[in-house]
Amino acid sequence: MDAINWHTFFFLLFALVACAFAVGVVLATNIVRMALYLIVSLGATSGLFFLAGADFVAAMQLMIYVGGTLVLLIFGVMLTAKGPFISMKTGGGDWILACLLSGCLAAFLLPAAFAVPGWRNVRHAADTAAVNAAQPEIAEAADASNATAEANSAVATNAPVQTRTATPLGMGLLGPRVDTLDPDDASLVAGMSGYLLPFEIISMHLLVVLVGAAYLARTKRRADSRNPGARNA
Amino acid sequence: MDLLSQPVGVSHYLVVGAILFISGVVCMAVKRNAIGVLMGIELVLNGANVNFVAFSSNFLRSDQGHSLGLDGQLISLFVIVLAAAEAAVALAIALNYYNNHSTIDVDRADELKG
């Protein structure tokens with residue numbers, strides 16, 4: 001038996017937690033429990049992002065999703081969780097249809113995940129270590145990018161790798177791409193294929209949406225004061 | 001334990017993303033509570049994010065140079081921000097609906113006359 005790959009171990013841990021609590025969101029009938037399960041599932045997903053080397057996205061997932069969006073959702077739960085709305089049962093026919101739908105989707109998506117051989121990281125950890133130790137120049141020549149090859153073999157041999165994605169991501173949002181200074185597509189200006197316009201659009205979009213949401217969600221009591229008791233139906 | 005000693009690939013992440021996506025779709029389909037439907041949407045968006053991050057990572061595949069690079073992480077950041085915006089508006093609509101109709105059951109929202 002090979003040594004335990006701790007990267008794989010933590011991946012399996014976070015993946016099991018994320019998937020189990022996502023299924024728990026579906027199966028739970030109590031809306032408050034659903035919100036709690038969703039928090040755990042999204043937090044475990046941010047752990048998966050950390051393991052994939054996307055540290056900034058993982059931190060954003062924790063801060064915006066778990067810290068912002070879910071607090072909003074829980075406020076929605078608390079403002080509407082009253083009596084019969086806390087636990088609403090679904091009929092049996094709906095569950096049969098849902099099982100059919102989920103089975104079809106799983107039969108379509110799960111084989112697709114294993115369809116492309118390049119998506120599987122099939123190196124054996126011991127083999128990679130041996131190859132890198134014995135013939136470093138051959139290992140370098142075999143891989144297109146030296147730095148990423150080193151990083152990949154480091155993951156395969158269970159060595160810690162430090163990633164710094166915050167600065168390239170911030171530069172990419174402002175326009176210059178410091179990570180692709182030599183793009184494959186010759187029509188792109190080198191290093192200038194950033195996301196400044198989508199960034200501006202999404203900034204204005206978020207501002208307008210939040211102002212609109214605050215306008216929509218404000219309390220209107222006029223109907224009550226005019227005609228009390230008409231809304232008891 | 002072959003599963004524990006092998007390095008993780010993109011396929012593993014795609015399986016997690018698929019399970020999150022399927023859970024979200026089923027949650028959107030079967031929940032009668034409008035907030036529950038919103039939680040299903042969050043799960044679907046999160047499953048898409050898992051796929052984007054997996055394809056952008058350099059550590060998960062043996063054929064380097066075919067990964068999305070930072071584009072995938074940038075798009076997943078956009079998805080996170082859009083999910084926040086969508087949750088804000090959808091919750092405002094749900095609260096408005098609750099104020100007007102005194103229920104949060106989406107099955108009884110078949111006449112949206114304002």
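Residues numbered from 1 in each chain as written. Chains lettered and ligands numbered in written order. Predicted model: local features only at pLDDT ≥ 70, side-chain atom pairs only at ≥ 80, totals over all residues.

Caption draft 1: Representation of the overall build of chain A. The helix and strand tally for chain A stands at 10 helices and 0 strands. Going from N to C terminus, chain A has its helices and strands arranged as α-α-α-α-α-α-α-α-α-α. Residues counted as buried form 27% of the 233 residues belonging to chain A. Here the contacts in chain A between residues at least 6 apart in sequence split such that 46% fall between residues at least 24 apart. (Helix = DSSP H or I, 4+ residues; strand = E, 2+ residues; numbered from the N terminus. Buried ≥ 20, exposed ≤ 12 C-beta atoms within 10 Å, placed from the backbone. Contact = placed C-beta atoms within 7 Å.)

Caption draft 2: Representation of the overall build of chain B within the structure. Regarding its fold elements, chain B presents 4 helices and 0 strands. Put simply, chain B runs from its N terminus to its C terminus through helices and strands in the order α-α-α-α. In terms of overall dimensions, chain B is more spread out than a globule: its C-alpha atoms have a radius of gyration of 19 Å, far above the 13 Å expected for 114 residues. For chain B, the C-alpha atoms occupy an extent of roughly 55 × 30 × 15 Å along the three principal directions. Counting all 114 residues of chain B, 58% fall into the buried class. Long-range pairs, those at least 24 residues apart, make up 52% of the contacts in chain B with a sequence separation of at least 6. (Rg over C-alpha atoms; globule rule 2.2 N^0.38 Å.)

Caption draft 3: Layout of the nonpolar core. Ala18(A), Val25(A), Leu48(A) and Ala52(A) are the most contacted members of the largest nonpolar core, which totals 77 residues. Elements represented by at least two residues in this core include exactly helix H1 (6-27), helix H2 (31-51), helix H3 (55-80), helix H4 (92-113) and helix H9 (196-216) of chain A together with helix H2 (10-30), helix H3 (34-56) and helix H4 (70-101) of chain B. If you tally residues by element for this core, the top one is H2(B), at 13 residues. Not counting residues within four places of it along the chain, the set of residues in contact with Leu48(A) comprises Phe11(A), Phe14(A), Ala15(A), Ala18(A), Tyr13(B), Val16(B) and Val50(B). (Core = buried A, V, L, I, M, F, W, Y, C linked by C-beta atoms within 7 Å.)

Caption draft 4: Representation of the interface of chain A and chain B. Listed per partner, the contact involves 89 residues of chain A and 73 residues of chain B. Elements with a contribution of two residues or more to the side of chain A that touches chain B: H1, H2, H3, H4, helix H7 (146-156), helix H8 (166-174) and H9 of chain A. When residues of the side of chain A that touches chain B are assigned to their parent elements, the largest contribution, 13 residues, is made by H3(A). A class-by-class count of the residues in the side of chain A that touches chain B yields 59 nonpolar, 22 polar and 8 charged. (Nonpolar A, V, L, I, M, F, W, Y, C, P; charged D, E, K, R; others polar.)

Caption draft 5: Quick peek at the packing of H3(A) against H3(B). Remark: H3(A) packs on H3(B), axes separated minimally by 11 Å, with the N-to-C direction vectors making an angle of 170 degrees. Classified by the angle their axes make, H3(A) and H3(B) are roughly antiparallel. On the side of H3(A), the interface is formed by Val57(A), Thr69(A), Leu73(A), Gly76(A), Val77(A) and Thr80(A), while H3(B) contributes Ile35(B), Leu38(B), Met39(B), Glu42(B) and Val53(B). For the contact of H3(A) with H3(B), a count of residues per class yields 7 nonpolar, 3 polar and 1 charged. (Axes fitted to C-alpha atoms, helices over the stretch in contact; angles between N-to-C directions. Parallel < 35°, antiparallel > 145°, perpendicular 65-115°, else oblique.)

Caption draft 6: The arrangement of the environment of Ala48(B) in detail. All names here are of chain B. Locating Ala-48 in the fold gives a position in helix H3. Overall, Ala-48 belongs to the partly exposed group, with 17 C-beta atoms counted inside 10 Å. Sequence-wise, Ala-48 and Ile-75 are 27 residues apart; in three dimensions their C-alpha atoms are separated by 10 Å.

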